[in-house]
Amino acid sequence: MDRIRIRGGRPLTGQIKISGAKNAALPLMATCLLTDDEVRLENVPDLADITTMTNLLTHLGVEVTTRQSLKDRSVIFSARGLSETTAPYDLVRKMRASVLVLGPLVARHGVAKVSLPGGCAIGTRPVDLHIKGLQQLGAEIDLDSGYILARAPGGLTGGEVTFPKVSVGATENLLMAATLAKGETDLINAAREPEIADLANCLNAMGAKIEGIGSDHLHIVGVERLHGCTHRVVADRIEAGTYAMAAAITGGEVELVGLHHDLIGAAAATLAQAGVSLIETPDGLLVRRANGVVSGVDVMTEPFPGFPTDLQAQMMALMTTAEGASMITETIFENRFMHVPELTRMGASINVHGSSAMVRGVKKLTGAPVMATDLRASVSLVLAGLAAEGDTYLNRVYHLDRGYEKLTAKLSNCGAEIERLSDGAAE
Ligand code: UD1
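Residues numbered from 1 in each chain as written. Predicted model: local features only at pLDDT ≥ 70, side-chain atom pairs only at ≥ 80, totals over all residues. Heavy atoms only, no water.

**Quick word on the overall build of the protein**
Okay, so step 1: When you go through the protein residue by residue, the secondary structure sums to 14 helices and 24 strands.
Okay, so step 2: Over its C-alpha atoms the protein spans a radius of gyration of 22 Å, differing by no more than 12% from the 22 Å that the globule rule assigns to 427 residues.
Okay, so step 3: Expressed as lengths along the three principal axes of its C-alpha atoms, the size of the protein is roughly 65 × 45 × 40 Å.
Okay, so step 4: Within the span of the protein, comprising 427 residues, buried residues form 56% of the whole.
Okay, so step 5: Excluding contacts between residues fewer than 6 apart, the proportion of contacts in the protein whose partners are at least 24 apart in sequence is 73%. (Helix = DSSP H or I, 4+ residues; strand = E, 2+ residues; numbered from the N terminus. Rg over C-alpha atoms; globule rule 2.2 N^0.38 Å. Buried < 20%, exposed > 50% of the residue type's maximum accessible area, 1.4 Å probe, protein only. Contact = heavy atoms within 4.5 Å.)

Right, here's the structure in full:
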């Protein structure tokens, strides 16, 4: 298994081009199941999760063509020859977002069988909201032998779905399904993440009728059919926030290229409180410490437009060497502090009490062999390694491959000493 070696202590300076968002691309890929025409997505990141979704769609009979140019990666999907409506366990267990094929399949083909995603390193993460919502649109659902069996032989019917809890994936599944339902659907207490707006804009470009984009109330008027479209995937705000924190923790100056300030509003506001400025430039955002010091701030994760849970671990890494203390509270997922023991091994001072972690800033971190059990926890250790004295060896690099395109190249272009060691390579 590959590892990453980081020799810490170098300030990052330069530019980092922000990739297309993984969490936008995954649901966008599933939209192809709603039409026989071609859906062409531009700015698709080259990531393990995208490959997993591609494999799932290919298994269902979707034809997938990738076009790589120097500037961009486009992928064309054609579900004209769809031959399967079952998403098997072996494919779904690799990635929870596979459940996003459920809504489109049952809406268009009247039947879907999708494996339950099962356990996950950051909590139990059920799919009850996806299931209940589809039932409210008239789908008959059974759970059998670890599979969700959904049927709507006469098609789905529009209705009112009020989510008891904000869920990104359930909103996306229901939004896709409602585009082809008979009549009108209201999704109330819908998630408002920018990736959902991106999905809704793509669906409207395919002929859907969605109103209320960007709000927590989506109104959808069902249509008979959708057609193909070309859509550009929105920039990855989590990748951008991660590199902003990397610049801050190393005391460097980095321009994040291809990203608008609105996308990372809450993270930018929190960083500003901590003494890290994000200044708009013609091409993106320039990140640097405002007066040389990062100060401890309290952070609570919330659904958008609040501070994203997907930046919680990276923010904690930044806080480990800040001046003063910081209370970090995770409200979205249980058990999302697995980076804490690893950061502690690097010299951080962190105490966890339930869903909050008290971080007391230390003068320095020291490199150590570390590993993590999920994507964002892994990258928080990369950030810590960039700031630490000495060498950090990060194991289980495959977590990073799921969500960070060209991570080592992007960081080393900004002066980081970071390299990927293939299996068996000498230390
Ligand atoms: C998406 C993101 C993930 C991010 C998360 C929260 C993708 C591919 N992944 O995940 O990176 O961390 O949003 O911003 O976009 N819940 C239920 N029942 C359900 C569904 C969810 O109880 O049926 C709970 C979850 O356990 C969690 C909360 O709702 O506590 C939010 O989860 P959700 O927004 O659904 O996350 P995902 O869509 O899985």
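Next, the rest of the story.
**Side note on the side chain of K410**
Okay, so step 1: Of note, K410 is situated in helix α14 (residues 407-412).
Okay, so step 2: Within polar-contact distance, the side chain of K410 engages the side chain of S19 at 2.8 Å.
Okay, so step 3: Once you skip the residues sitting within four places of it in the chain, K410 turns out to touch I16, K17, I18, S19, E239, Y243 and E405. (Polar contact = N/O pair within 3.5 Å; in protein donor to acceptor, adjacent residues only side chain to side chain.)

**Some details on helix α2 (residues 48-59)**
Okay, so step 1: The terminal C-alpha atoms of α2 lie 16 Å apart, and with twelve residues this matches the ideal 16 Å at 1.5 Å per residue to within 8%.
Okay, so step 2: By the burial criterion, the buried members of α2 are D49, I50, T52, M53, T54, L56 and L57.
Okay, so step 3: For α2, the secondary structure elements touched by its buried residues are α1 (22-30), β4 (63-68), β5 (73-78), β6 (86-87), α3 (89-92) and α13 (398-403). (Expected span 1.5 Å × (residues − 1).)

**Description of the site of the ligand**
Okay, so step 1: Contacts to the ligand come from 19 residues, most closely from D128, L129, S167, D310 and I332.
Okay, so step 2: D128 has a polar side-chain atom sitting 2.7 Å from a nitrogen atom of the ligand.
Okay, so step 3: Isolated, the ligand exposes 740 Å² of accessible area, and the fraction of that covered by the protein chains is 87%.
Okay, so step 4: Taken together, the elements giving at least two residues each to the shell around the ligand come down to α5 (128-136) and α6 (168-179).
Okay, so step 5: Ranked by residue count, the leading element in the shell around the ligand is α5, at three residues. (Near = heavy atom within 4 Å. Areas by Shrake-Rupley, 256 points an atom, 1.4 Å probe, with all protein chains shown as cover.)

**Describing helix α9 (residues 265-273)**
Okay, so step 1: Considered for burial, the residues of α9 that qualify are A267, A268, T270 and L271. When α9 is viewed along its axis, its buried side chains cluster within an angular range of 165° and face the same direction.
Okay, so step 2: Summarising the contacts, the buried residues of α9 are in contact with α8 (237-250), β16 (276-280), β18 (299-300) and α10 (312-319). (Arc of directions from axis to C-beta.)

**Some remarks on the sheet that holds strand β2 (residues 13-17)**
Okay, so step 1: If you walk across this open sheet you meet the four strands as β2-β15-β17-β16, and the pairing is mixed. Sheet topology places β2 and β16 at the edges, where each strand pairs with a single neighbour. Between one strand axis and the next, the sheet turns by 20° as a mean value, whatever way the strands run.
Okay, so step 2: Both β2 and strand β15 (residues 253-257) contribute to a ladder of five bridges, which runs parallel. Directly across from Q15, in β15, lies its bridge partner E255.
Okay, so step 3: Against the sheet, α8 contacts β2, β15, β16 and β17 (284-289), and its axis sits at roughly 30° relative to β17. (Pairing = 2+ DSSP bridges. Axes fitted to C-alpha atoms, helices over the stretch in contact; angles between N-to-C directions.)

**Focus: the pattern of salt bridges**
A side chain of one charge can pair with a side chain of the opposite charge when the charged atoms of the two come close.
Okay, so step 1: All told, the structure shown has 21 salt bridges when counted by the stated rule.
Okay, so step 2: Between K22 and D49 there is a salt bridge, and its shortest N-O distance comes to 3.4 Å. Of this pair, K22 sits in helix α1 while D49 sits in helix α2, and the two are 27 residues apart along the sequence. Taken as a pair, K22 and D49 share a single burial class, namely buried.
Okay, so step 3: The partner of D72 in a salt bridge is R232, with the nearest N and O atoms 3.6 Å apart. One end of the pair, D72, is in the loop between β4 and β5; the other, R232, is in strand β14 (residues 229-232), with 160 residues separating them in the sequence.
Okay, so step 4: Taking the relative accessible area as the measure of exposure, D72 reaches 16% and is therefore buried.
Okay, so step 5: Its relative accessible area of 44% is what places R232 among the partly exposed residues.
Okay, so step 6: A single salt-bridge network, built from bridges that share partners, covers D2, D401 and R420. (Salt bridge = Lys/Arg side-chain N within 4 Å of Asp/Glu carboxyl O.)

Scope: geometric values only; no functional claims are made or implied.
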